[in-house]
Amino acid sequence: MFGVESRWTPDRRHVIIRADAADTRAARGGHSTMTTAVRPMPPESEIRAIVGHQFPGGIYTVAHWENFLLTECTGADLLPDGMVHPVVLFHMPILGSRTTIGEMFALGQAESDYSIGIESYDWEMFHPLREEVAYQIGGKVVAAERRARPDGRPFDRIQFQFTVTQPDGVLAARTTITWHYNRQANRGMKS
Amino acid sequence: MSVKAGDPIPEWLMESVRPERMRTMAAILRDPNPVHWDRSSCDALGYGKRTINQGPLGLSYMVNMLHAWAGPGSIKRLVMTFPKVVLDEDRIHARGTITAVREEDGVRLADCDIWLEREPGDRPLVGTATVVLPA
């Protein structure tokens, strides 16, 4: 999830369309465009229409093994008293609300996995999360709008919000993911 | 803990970002993006044969810094942006400074600017945090 655009061809070749990260541009002296074939940009009305879309929601329990591996990946020691490392707040809400990263990309009609840029992650933590506790997860689209960069390139700014609630009904955490769905198609077109 | 605006937060160092951790993370996240586990796909993007660290993993280095400083469970809020990517074998410092100390509902809080730094001035992740200060 960063500013690179590519796609899989029907014969499963991985074709890079555009690398947009500043350091990549510097390395290549400009956009690394290899092909211009991209999916058409969806109408803005279709993007706005996803506001309010709710994921099914469900229960998510972080098992000890999952917290162990997750924490090891961060380079830290396990936290005390079965506390779950806060990095869980990326995938736990997504999977617990019964969606996936791929479905979230598809909801915004992403041109490819690589066409997504991260604007921000906002994690609010009201109570520490614990292993082996069954949390209720909810998630929905709270904002979706078309914008343009200063050079005219369009993108759709889509914001997802998730809640993590304890079994006693107390809100434990709220996360907000804001992604940019970059549109290579109709580049520079005003809409 | 006696702190004031302008104080630095003790840094936390990831000596070398390891590709095998990205692979484990990709499986846990169910993130199929090959840039996190296939060096050849990164090479095609101009990063050389180095995989790209997941955004949440970079964020976790700042969590570790804040936990080491203020204790586990102390973080109330993190807002993070991702101007650049972190690559495997990068040496990454998590750093921060206190911007304000305040009290809310009888709890002392510190607002902080936090970031990851590869080289002086090269900050792939930048954000803010609010942390409960220990007594």
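Since we're looking at a predicted model, the values are computed, not measured.

Basis of the calculations
Residues numbered from 1 in each chain as written. Chains lettered and ligands numbered in written order. Predicted model: local features only at pLDDT ≥ 70, side-chain atom pairs only at ≥ 80, totals over all residues. Heavy atoms only, no water. Core = buried A, V, L, I, M, F, W, Y, C linked by side-chain atoms within 4.5 Å. Buried < 20%, exposed > 50% of the residue type's maximum accessible area, 1.4 Å probe, protein only. Helix = DSSP H or I, 4+ residues; strand = E, 2+ residues; numbered from the N terminus. Contact = heavy atoms within 4.5 Å. pLDDT = per-residue confidence, 0-100. Buried area = accessible area lost by both parts, 1.4 Å probe. Salt bridge = Lys/Arg side-chain N within 4 Å of Asp/Glu carboxyl O. Nonpolar A, V, L, I, M, F, W, Y, C, P; charged D, E, K, R; others polar. Pairing = 2+ DSSP bridges. Expected span 1.5 Å × (residues − 1).

## Quick look at the nonpolar core
The nonpolar side chains of a soluble globular protein tend to be buried, and buried together. Ranked by internal contacts, the top residues of the largest apolar core, which has 73 residues, are Phe 160 and Trp 179 of chain A together with Leu 66, Trp 69, Leu 78 and Ile 114 of chain B. When residues in this core are grouped by element, the largest group, 9 residues, is from helix H3 (residues 55-70) of chain B. When residues no more than four places from it in sequence are discounted, the contact partners of Trp 69 of chain B are Met 1, Val 3, Ile 9, Pro 10, Ile 98, Ala 110, Cys 112, Val 131 and Leu 133 of chain B. Counting residues in hydrophobic clusters, the runner-up holds 8 residues, among them Val 35, Leu 45, Tyr 47 and Leu 87 of chain B.

## Some details on the confidence of the model for chain A
In regions of low pLDDT, the predicted coordinates are not meant to be interpreted in detail. Mean pLDDT over chain A works out to 82, with 76% of the residues at or above the 70 mark. When the criterion is pLDDT under 50, residues 1-37 of chain A qualifies, and its contacts beyond four places in sequence or with other chains add up to 104 contacts.

## Structural notes on the interface of chain B and chain A
Every contact between the two is made by 39 residues of chain B and, on the other side, 43 residues of chain A. Buried area between chain B and chain A, summed over both chains or domains, comes out near 3500 Å², and the portion from carbon and sulfur atoms is 65%. Summed over the shared surface of chain B and chain A, the number is 3 salt bridges. Residue Glu 72 of chain A is joined to Arg 21 of chain B by a salt bridge in which the shortest nitrogen-to-oxygen separation is 3.4 Å. Contributing elements (two or more residues each) for the side of chain B that touches chain A: strand E1 (8-14), helix H1 (19-29), helix H2 (39-45), H3 and strand E2 (75-81) of chain B. Counting residues per element, the side of chain B that touches chain A draws most heavily on H3 of chain B, which supplies 8 residues. Per-class residue counts for the side of chain B that touches chain A are 23 nonpolar, 9 polar and 7 charged. Bridge count between strand E4 (residues 116-125) of chain A and E2 of chain B: 4 bridges; the pairing is antiparallel. Residue pairing across strands places Glu 124 of chain A opposite Arg 77 of chain B, the latter belonging to E2 of chain B.

## Describing H3 of chain B
Residues and elements named next belong to chain B. If you check H3, its first and last C-alpha atoms are 23 Å apart, about what 16 residues at 1.5 Å a residue would give, namely 22 Å. Of all 16 residues in H3, 15 are buried, a share of seventy percent or more. Positive backbone phi, at 105 degrees, marks Gly 71, one or two positions downstream of H3.

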